[in-house]
Amino acid sequence: MASSAASRNGAPRGGGGARSLAGGNLRSSSYKSRPSQLPGSTLRRSSTGSFAAAGDDGVPGRVRVAVRLRPRNAEEMVADADFADCVEVQPELKRLKLRKNNWDSDTYEFDEVLTEFASQKRVYEVVAKPVVESVLDGYNGTVMAYGQTGTGKTFTVGHLGDGDTASRGIMVRAMEDILADVAPETDSVSVSYLQLYMEAIQDLLDPTNDNISIVEDPKTGDVSLPGATLLEIRDQQSFVELLSIGEAHRIAANTKLNTESSRSHAILMSKLVLVDLAGSERVHKSGSEGHMLEEAKSINLSLSALGKCINALAENCAHVPVRDSKLTRLLKDSFGGTARTSLIVTIGPSPRHRGETASTIQFGQRAMKVENMLKIKEEFDYKSLSRKLEIQVDKLIAENERQQKAYEYELERMNQEAQNRIAEVERNFAEALEKERLKCQMEYMESVKKLEEKMLTNQRKHGSDGIIRNECNGEDQVVSVSDEVAEVRKLLQNETQRRKASEEEVNKLNTRMGQLMQSEAGGDGEILRIHQLLEVETQKKKKLEEEVMILKSQLLQLSYEADQSRRYMERVGSGNGLNGTDSPSVNNGEKAPVGTLFEQVGLHQILSYLESEDANVQIHAVKVLANLAAEEANQEKIVEAGGLTSLLMLLRKFEDETVRRVAAGAIANLAMNETNQELIMTQGGITLLTMTAADAEDPQTLRMVAGAIANLCGNDKLQMKLKSEGGIKALLGMVRCGHADVLSQVARGIANFAKCESRAATQGTKNGRSLLIDDGALPWIVQNANNEAAPIRRHIELALCHLAQHEVNAKEMISGGALWELVRISHDCSREDIRSLARRTLNSSPTFRSEMRRLRID
Ligand code: ADP
Ligand code: MG
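Numbering of residues starts from 1 in each chain and follows the order in which that chain's sequence is written. All chains are assigned letters beginning with A, and all ligands numbers beginning with 1, in the order in which they are written. In keeping with the predicted nature of the model, local features appear solely for residues at pLDDT of at least 70, side-chain atom pairs appear and are counted solely at 80 or more, and the whole-chain, interface and lining totals rest on all residues. As a convention, hydrogens and water are excluded, and side-chain values are obtained from all of the structure's heavy atoms.

Participant: Would you mind going over the packing of helix α17 (residues 643-653) against helix α18 (residues 657-670) with me for this structure?
Facilitator: Geometrically, a packed helix pair is captured by the angle between its two axes and the distance between the axes. It is the contact of α17 with α18, at a shortest axis distance of 9 Å, that shows an interaxial angle of 145°. The crossing of α17 and α18 is left-handed. For the pair formed by α17 and α18, the contact residues are Leu644, Leu647, Leu648, Leu650, Leu651 and Arg652 on the first element and Val659, Arg660, Ala663, Ala664, Ala666, Ile667 and Leu670 on the second. Only Asp, Glu, Lys and Arg are considered charged, only Ala, Val, Leu, Ile, Met, Phe, Trp, Tyr, Cys and Pro nonpolar, and every remaining residue, Gly among them, polar. Here the residues of the contact of α17 with α18 are counted per class, giving eleven nonpolar, no polar and two charged. For every element, the axis is a line fit to its C-alpha atoms; helices are fit only across the contacting stretch, and the angle between N-to-C directions ranges from 0 to 180 degrees. Every helix listed is a DSSP run of H or I at least four residues long, and every strand listed is a run of E at least two residues long, numbered separately from the N terminus. Two helices cross in a left-handed way if the nearer one is turned anticlockwise from the farther one by less than a right angle. They cross in a right-handed way if the turn is clockwise. Any two residues having at least one pair of non-hydrogen atoms within 4.5 Å are treated as being in contact.

Participant: Please clarify how the packing of aromatic side chains should be interpreted in this entry.
Facilitator: The geometry of an aromatic ring pair is captured by two quantities: the separation of the ring centres and the angle between the planes. Two rings from Phe, Tyr or Trp (for Trp, the six-membered ring) form a pair when their centres sit within 6.5 Å of each other. Planes less than 30 degrees apart are called stacked, planes more than 60 degrees apart edge-to-face, and all others tilted. As enumerated under the stated definition, the model contains one aromatic pair in all. Both rings, one in Tyr146 and one in Phe363, keep their centres 3.6 Å apart while their planes meet at 5°; by these two values the pair is stacked. Placement of the pair is Tyr146 in strand β8 (residues 141-147) and Phe363 in helix α9 (residues 354-367), with a sequence separation of 217 residues. Residue classification places Tyr146 among the buried residues on the basis of a relative accessible area of 8%. Buried, partly exposed and exposed residues are distinguished by accessible area as a fraction of the type maximum, computed with a 1.4 Å probe on protein chains only: under 20%, between the cut-offs, and over 50%, respectively.

Participant: Help me understand helix α2 (residues 120-136), please; the structure alone is not making it clear to me.
Facilitator: Every α-helix winds through 3.6 residues per turn, so residues three or four apart in the chain are directed the same way. Roughly 55° is the biggest bend found in α2, and it falls at Ala128, with proline Pro130 one to four residues downstream. Of all 17 residues in α2, 13 are buried; the element is thus mostly enclosed. Values of bend correspond, residue by residue, to the angle between axes fitted over the seven residues ending at that residue and the seven starting there.

Participant: Any chance you could explain the pattern of salt bridges here in plain terms?
Facilitator: Opposite charge on two side chains lets them pair, provided their charged atoms get close. The working definition used for a salt bridge is a side-chain nitrogen of Lys or Arg within 4 Å of a carboxyl oxygen of Asp or Glu. Per the stated rule, a full pass over the model turns up 40 salt bridges. Ionic pairing is found between Glu176 and Arg168, a salt bridge with its closest N-O pair at 3.0 Å. Judged by its relative accessible area of 15%, Arg168 falls in the buried class. For Lys717, the salt bridge goes to Glu678, with nearest N and O atoms at 3.0 Å. You can see Lys717 sitting in the loop between α21 (699-713) and α22 (719-724) and its partner Glu678 sitting in helix α19 (residues 674-682), a full 39 residues away along the chain. When salt bridges that share partners are traced, they join Glu410, Arg413, Glu417 and Arg421 into one network.

Everything listed here is a matter of coordinates, which is why it stays silent on function.
Here it is, written out as structure tokens:
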């Protein structure tokens, strides 16, 4: 007997695990069973009769049996020419009729009945393909051909089909399907090719290895042949070559029946065991002699043992004589074990071999009763697992290398970008600072020069005392021009120091950048440092910008002050020592350096600094804005840009007294314009002003607030609103501070208000009593009508005249003591126009006239 065996290692398809080979066992922890492609058997047998030790869970799977009829060969065409075939096939009914004689026949049913015309492809698909698929799913599988010599077992199982692809047998086709399914990276397919000849297992891939022993795993009962050559198959070509080599080694013995028929059992063994048995004919029929007889006996030993085992299994016997032959030991798993098994029984048509055909059919019928319990074996194949892991590791190493390269590249790019940005920032700072420095220097030099010139001229004109009297802000202030110059110099020094500090900052940045460039780039830390550095840079840039803003506002302040001094000296020079107005508004003359700054910095930028987090920046910004607001030409632009709103907010939000004072001053300046006055009212400015009036203590702040309200008081349209929103009361409340500057503004407000009221009364648009009297202003008016400060006195005198012009006020004025003051004004006022106004007013009022008569005042 000869046998060939092949084995395939790998995980079941879809299972995704490592595929193992050598032991013929598969491992799969994640295995999902495919539905059985074979009909479930109704024949259930106990496990006691199994070839293998059953008992574990498994899927019942009966041995499937197909019968294949060979066409008449040339010899039969001649010899049996006058006889009918002994069999008749009914494939559609899956039946086969075996003629007993001319009038009687036995009928058998099989799982498949294949006619003499059945193609090799169809035979493979019906008989072997379900087993191959089952193997790919992780089960063991067996396909075995049984039949009389010459009926086509080898043709069915082992035909290579060299000349004709269509005639290829099961082995070649099965390998094709297996190779198409496995992944070459993780699976391997190995093949052994063995022959069982006279109870010795020979290695057809190594003929010197001629007595391979069968090893049984004591635990699982699995049968293996560790001594057999196991060759790995990469492609179909290498498999066909391997089969050809094996074929060449096969021992073929001539028999009478078929000279080509092999006398050995050929087994392609693995998970998938493909068995080409020796002929099942009886010894006497083969006509063997001598050695041939011994051979035939040995062949029959294996075959009869197989038959006995099949019988025992079919009849559910307690004892199955597996150990009687090597064939039954090798096929232990195929019958009554855990493998999916298909048996194809081949028969010839000749009536001369009817007996053999009948016994072959009987064998097939019994085999149909054998039930296996299909089971997946779980065992690790460390070799293939390790190979799979190695492949994975290699893939990861390659990927890692790729990522590492990309990372380095990205790092390099980011580093470069950061360096470029630092360089750019540094360049910009240096340029801006240098420009600013030059400009400031020049402007200062010019201012100082001008001041010195003026001082010289002044000294020449007014002798050598160098002392001048300055009343422009309503304060008595003695200023030495040389002191002023010294102050300007000091400020210049401060400014220079600040600039130096900024330059040092830039130098520091330079050094840091140098260090950064020197240090090797690499790693996350470096990127992080660069990011942090950039963050610091941005902060510094912001700081520097604010610094520049402060410098600019200081420059502005200085320019402004220089400008003021220049004007004052001009006035002194031209003999006009008094400011024509005591309104807090300032600098409504020609375009000062302030305006230039306005254009340079941009109004929106200045307004944005009002919201800076740095109080210092805020203070400077509000100062700049206040100075800008002092110029009529800027006022409209400031209001348009929202400056008024910002100032109003600042008034309440800011706790710093300087800011409040400056903001109030700016508002006061803006409040000179009629349109702005209305805007201040609609934006709730009066409420903010009255609140400030109530809680501010600084006289200068109060002066600015009072000035702003006083301006509003001069607007005819706002009278009612001012009163109803507490404007008059706020004005009167501020007299608490007692400072002449504040009182002067209060008096001016009252005069403005009274003037509007008397105008309205004359036009007939106002009938009722004065709102000033309603809000209790009269006592303070009377009290201060003869104030020693001329500005206060003059405003109140005017206010009294205006109030007296409206008859409805006369009664209250009389009872409040205002009449005496009016009489005094009409006699004593230093200003002629006011004196006569008072006289006219008193004379035109019937109430005043009768009271004067009563009091005998003429
Ligand atoms: P066995 O292996 O059963 O002894 P073989 O497979 O060697 O028989 O077949 C004997 C002869 O019959 C061979 O020449 C083979 O080509 C031919 N033969 C077998 N089966 C068929 C078939 N179904 N169609 C055509 N020729 C066949
Ligand atoms: Mg054969």
